[in-house]
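Chain residues, written in single-letter form:
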Amino acid sequence: MVAESPVSMAARTSPMERTVPGVRTMVGSLAGMAIGSEDGLRLDLDDWFARDLPELCVPWPPGGATEPALVLLNGRLASDLGLDPDALARPTGVAVLCGDAVPAGANPVAQAYAGHQFGGYSPRLGDGRALLLGELTTPAARRVDVHLKGSGRTPFARGGDGRAALGPMLREYLISEAMAALDIPTTRVLSVGTTGDLVRREELAPGAVLARVAASHLRVGTFQYAASLGDPDVVTRLVTHAATRHHPGALDADDPALALLDAVVEVQADLVARWSAVGFIHGVLNTDNVTISGETIDYGPCAFMDRHDPTTVFSSIDHGGRYAFGNQPSITLWNLARLAEALLGAMTGDVDANVASATEVLETFPDRYRRQLHGHYAAKLGFVATDDRPTDHAMSSVVGDLVDDLSAAMTSAQVDHTTFFRHLGRAAAGDDRPLADLVGDDAALLEWLERWRTVRLVDRRPAEVVSAAMDDVNPLYVPRNHLVEEALAAAVDGDLGACSDLLDVLADPFTQRPGLERYAEPAPASFGPYRTFCGT
Ligand code: AMP
Ligand code: MG
């Protein structure tokens, strides 16, 4: 589409040598490839992370694209970010979003991070096929990362080709948009574009670049990498950087590193509780996929659970069920313990005191998670008023017991997670039929429902008020696996219709609309067993 692409200039610029901890890398100079504000594109990117923490990144240019073209542009997100969607869709914007040009003044870097993958430590992962283009300040004065994924090999690529295939990038777009509409903290996708090149996966696939927007890309693995450098000053600077961006209260604490840990424990407990409420399975909760901001990141093998069962695993490589639905809280705590270890050297006490105080913070996780979970489930079960304030009753031990016992009963009855709560809302409004049909004669769930009805008796609100409040928090439309796969298959074949229809449906997950019945239905029996794959 763009015949003479600015990035071809990058390929011609002479490489300069640069030493990063542990590696010597060749870095292409970015001079000469930067673009200005042609086509009306204004994309002012700061490089605070790169300036503040040069030890944790390598300046690196995107790898270019033969024929950059946009497939999807998130116009509403662009506007929220203060960007002009029309300008982004013109050739200069397309070139930037597809990794074929760099905005003037930007200083893209590949970020370094380590990570425990399935429990095994990899000392150096990093952005193997991604770049932090820079940070954008939104009209609401929020600083966000603008990041490219699939933009070519970097010094962290190891054996990888640095590329991404169209299907998985569209999948990230679909599911992260659904998450945002479900009010779950998440990285967002600004665009998916194709490069005009083919990438080799199981078969040849269209190469794609995804532009991701995140509160930041700081991960537990970023701290692990920083700690591994053996220079406590780097971790201390990273603590200050992360706290300034995400948890400013920690800066004023006596021990900022400990306070940062405490803040991350809180946001992660909330995040996992929100996943639990909607039946989301992340699928690859390695420490490099756990953010400091509390946003969901890395939509590789994730999927929404249909039939409720804590042992559910979709990821093709998760043989032991380490990242099964029901394991997400405990594995998150495990990941937070790795964060605590990385922070120990930056804490203010001696080693023993630091270990003791970090342990004390980690030990708060189960209660925090449980409190968040109970808050969300109290609302799902109709015990929270529409004004969103959990009442004393909602947080009572009676409701807590109901919440605690629900998962086993749902598992016993093999009910669809999403449908169950919507039908429960109908039952709260006096229409028991859909729920009765769903539950059948499962004794465990019938007994649980009797208890739920009894607890409900003390609620004096009109039935329709209660059911409306439940519908406000229990989605009707989630990205069901069979619908996602159907939409992606069509999109890769060049037909974006199903993808954009699904995006429209998922943008408003709580409001029932006529004609959308199929989007609320579980997969047909012929679908599955469903398998997902890590970010390919
Ligand atoms: P992910 O599964 O996307 O979290 O990736 C895990 C690690 O593998 C990260 O360090 C990625 O940058 C790297 N990686 C994944 N796919 C590729 C690829 N095609 N080329 C280079 N690096 C990759
Ligand atoms: Mg990842």
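The shown structure was predicted, so the numbers you read here are calculated from the model rather than taken from an experiment.

Asks: How do you make sense of the overall build of the chain when you look at a structure like this?
Replies: Each helix and strand in the chain was counted, giving 19 helices and 16 strands. At 24 Å, the chain has a C-alpha radius of gyration in line with the 24 Å of a compact globule built from 536 residues. Taken over the C-alpha atoms alone, the chain extends approximately 75 × 60 × 45 Å along its principal axes. When each of the 536 residues of the chain is scored for burial, the buried share is 57%. A fraction of 73% describes how many contacts in the chain between residues 6 or more apart in sequence connect residues 24 or more apart. Of the roughly 21,000 Å² of accessible surface on the chain, 52% is carried by carbon and sulfur atoms. Taken together, the 44 basic and 71 acidic charged side chains of the chain have centroids lying 2 Å from each other.

Asks: I'm lost on the packing of aromatic side chains in this one. Help?
Replies: For any pair of aromatic rings, the description rests on two quantities: the centre-to-centre distance and the angle between the ring planes. Enumeration over the complete set of coordinates arrives at 10 aromatic pairs. Between the aromatic rings of Phe-314 and Tyr-530, the centroid separation amounts to 5.6 Å while the plane-to-plane angle is 65 degrees, which identifies the pairing as edge-to-face. Residue Phe-314 is found in the loop between β16 (303-304) and α10 (328-343), and its partner Tyr-530 is found in the segment after α19 (497-506); the two are separated by 216 residues along the sequence. In this pair, the class of Phe-314 matches that of Tyr-530, namely buried.

Asks: Help me understand helix α16 (residues 443-456) in this model?
Replies: Every α-helix winds through 3.6 residues per turn, so residues three or four apart in the chain are directed the same way. Look at α16: 20 Å from first C-alpha to last across 14 residues, which is about the 20 Å you get at 1.5 Å a residue. For α16, the set of buried residues is Leu-445, Trp-448, Leu-449, Trp-452, Val-455 and Arg-456. Seen from one end, α16 has its buried residues packed into an arc of 120 degrees, which puts them on one side. For α16, the elements touching its buried residues are α13 (397-413), α14 (417-428), α15 (433-439) and α17 (463-473).

Asks: It is not clear to me how the confidence of the model for the chain should be interpreted in this structure. Could you clarify?
Replies: Low pLDDT marks regions whose predicted coordinates should not be analysed in detail. Of all residues in the chain, 91% attain a pLDDT of 70 or more, and the chain-wide mean is 91. Low pLDDT (under 50) marks residues 1-33, which in the prediction has 62 contacts with non-local residues, meaning those over four places away or in another chain.

Asks: Even after reading the chapter, I still don't get the pattern of salt bridges, so can you show me in this structure?
Replies: Oppositely charged side chains can pair when the atoms bearing their charge come close. For the structure shown, the criterion picks out 31 salt bridges. Note that Glu-266 and Arg-371 form a salt bridge whose closest N and O atoms lie 3.6 Å from each other. Of this pair, Glu-266 sits in helix α9 (residues 256-278) while Arg-371 sits in helix α12 (residues 365-380), and the two are 105 residues apart along the sequence. Among the ionic pairs, Arg-480 bridges to Asp-416, the shortest N-O distance being 2.8 Å. Taken together, the residues Arg-480 in the loop between α17 and α18 (481-492) and Asp-416 in the loop between α13 and α14 connect sequence positions 64 residues apart. What you see here is one network of salt bridges that share partners, running through Asp-46, Asp-47, Arg-51, Glu-135 and Arg-143.

Parameters and conventions
- Residues numbered from 1 in each chain as written.
- Chains lettered and ligands numbered in written order.
- Predicted model: local features only at pLDDT ≥ 70, side-chain atom pairs only at ≥ 80, totals over all residues.
- Heavy atoms only, no water.
- Helix = DSSP H or I, 4+ residues; strand = E, 2+ residues; numbered from the N terminus.
- Rg over C-alpha atoms; globule rule 2.2 N^0.38 Å.
- Buried < 20%, exposed > 50% of the residue type's maximum accessible area, 1.4 Å probe, protein only.
- Contact = heavy atoms within 4.5 Å.
- Areas by Shrake-Rupley, 256 points an atom, 1.4 Å probe, with all protein chains shown as cover.
- Lys, Arg positive; Asp, Glu negative; His and termini not counted.
- Charge placed at Lys NZ, Arg CZ, Asp CG, Glu CD.
- Phe/Tyr/Trp six-rings, centres within 6.5 Å; stacked < 30°, edge-to-face > 60°.
- Expected span 1.5 Å × (residues − 1).
- Arc of directions from axis to C-beta.
- pLDDT = per-residue confidence, 0-100.
- Salt bridge = Lys/Arg side-chain N within 4 Å of Asp/Glu carboxyl O.

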